[in-house]
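Listed here are the chains, written in short residue letters.
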Amino acid sequence: DVLVNNAGIWRGGKITDTSEEEWDRIFATNVKGIYQMSRYALPYLVAKEGRPGGSIINISSVTGLVGRPGAAAYVASKGAVTQLTKAMALDHAREGVRVNCICPGLVETEAVVEGLSAEQYQALLAERLPEHPIGRLGHPEDIAPFIVYLASDEAQWVTGAAFAVDGGYTAR
């Protein structure tokens, strides 16, 4: 009844610093992956006799709502995720399928801190903490309850929305 599209990769670089292969790899993971998973899940998520429709929750990024310098391919891919979410919501609302996305700020996950030295981690915090007015990076536990809400029956009237769950990042 629920599909959460949470696969994604981040690579920095201006458009002039991004190879075509890297661009394609980022879009293949961040956008085409959602297309493929959703395309095959949708027939199972459509409302059937006596059963309500399902929910698709795409994980985008705050960069799907606002730009960020030095990450052209990532920003473009997450903008595509946000807009794909809206298009899918309009296409499948009458079939009982709700489609929404969550746009997190920087969430402290293994993928974010993996391979960073203590010095690199401190540099990351020095650069990125000021972007989050709440004063800390996000944690998976900040995002998970929102996913649960969007998957639940309590969100039956929510579709086509992009929710910033970002410690105030987009409020700046």
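One structure accompanies this document, and this report is about it.

Parameters and conventions
Residue numbers here run from 1 along each chain, matching the order of that chain's written sequence. Note on the predicted model: pLDDT of at least 70 is required for a residue's local features to be given, and 80 or more for side-chain atom pairs to be given and counted; whole-chain, interface and lining totals, by contrast, use all residues. Side-chain measures here rest on the full set of heavy atoms in the structure, leaving out hydrogens and waters. Secondary structure elements are taken from DSSP: a helix is a run of H or I of four residues or more, a strand is a run of E of two residues or more, and numbering for both begins at the N terminus. In this setup the radius of gyration rests on C-alpha atoms only. A globule is expected at 2.2 Å times the number of residues raised to 0.38. Categorising residues by exposure relies on relative accessible area from a 1.4 Å probe, with only protein chains included: less than 20% of the type maximum marks a residue as buried, more than 50% marks it as exposed, and the intermediate range marks it as partly exposed. Residues are treated as being in contact if the distance between any of their heavy atoms lies within 4.5 Å. Only the protein chains shown count as cover for residues, and the accessible areas themselves come from Shrake-Rupley with a 1.4 Å probe. Counting rule for charge: Lys and Arg are taken as positive, Asp and Glu as negative, and neither His nor the chain ends is counted. Where a charge sits is defined by one atom per residue type, namely NZ (Lys), CZ (Arg), CG (Asp) or CD (Glu). Expected helix span is taken as 1.5 Å per residue step, with the number of steps being one fewer than the number of residues. For this analysis, a salt bridge means a side-chain nitrogen from Lys or Arg found within 4 Å of a carboxyl oxygen belonging to Asp or Glu.

### Notes on the overall build of the chain
Then comes step 1: Helices and strands together make up the secondary structure of the chain, namely five helices and four strands.
Then comes step 2: Of the regular secondary structure in the chain, the N- to C-terminal order runs β-α-β-α-β-α-α-α-β.
Then comes step 3: In summary, the chain has a C-alpha radius of gyration of 17 Å against a globular reference of 16 Å for 172 residues, a match within 12%.
Then comes step 4: For the chain, the spread of C-alpha atoms along the three principal axes comes to 55 × 35 × 25 Å.
Then comes step 5: Within the chain, the proportion of its 172 residues that are buried is 39%.
Then comes step 6: A separation of at least 24 residues holds for 73% of the contacts in the chain among residues at least 6 apart in sequence.
Then comes step 7: A total accessible area of about 9,700 Å² is found for the chain, and carbon and sulfur atoms account for 57% of it.
Then comes step 8: In the chain, 15 positive and 20 negative side-chain charges are present, and the distance between their average locations comes to 5 Å.

### Side note on helix α2 (residues 72-92)
Then comes step 1: Here α2 spans 30 Å end to end across 21 residues, near enough to the 30 Å set by a 1.5 Å rise per residue.
Then comes step 2: Where α2 is concerned, the buried positions are A73, Y74, V75, S77, K78, V81, T82, T85, M88, A89 and H92.
Then comes step 3: The inward-facing, buried residues of α2 contact α1 (20-45), β2 (55-59), β3 (98-104) and β4 (162-165).

### Some remarks on the pattern of salt bridges
Then comes step 1: This structure, assessed with the given rule, holds seven salt bridges.
Then comes step 2: A salt bridge links D1 to R51; the nearest nitrogen and oxygen atoms lie 3.2 Å apart. With D1 in the segment before β1 (2-5) and R51 in the loop between α1 and β2, this residue pair connects regions lying 50 residues apart in the sequence.
Then comes step 3: R51 gets classed as partly exposed once you look at its relative accessible area, which sits at 27%.
Then comes step 4: Within the structure, one salt-bridge network assembled from shared partners comprises R68, E127, R128 and E131.

Scope: geometric values only; no functional claims are made or implied.
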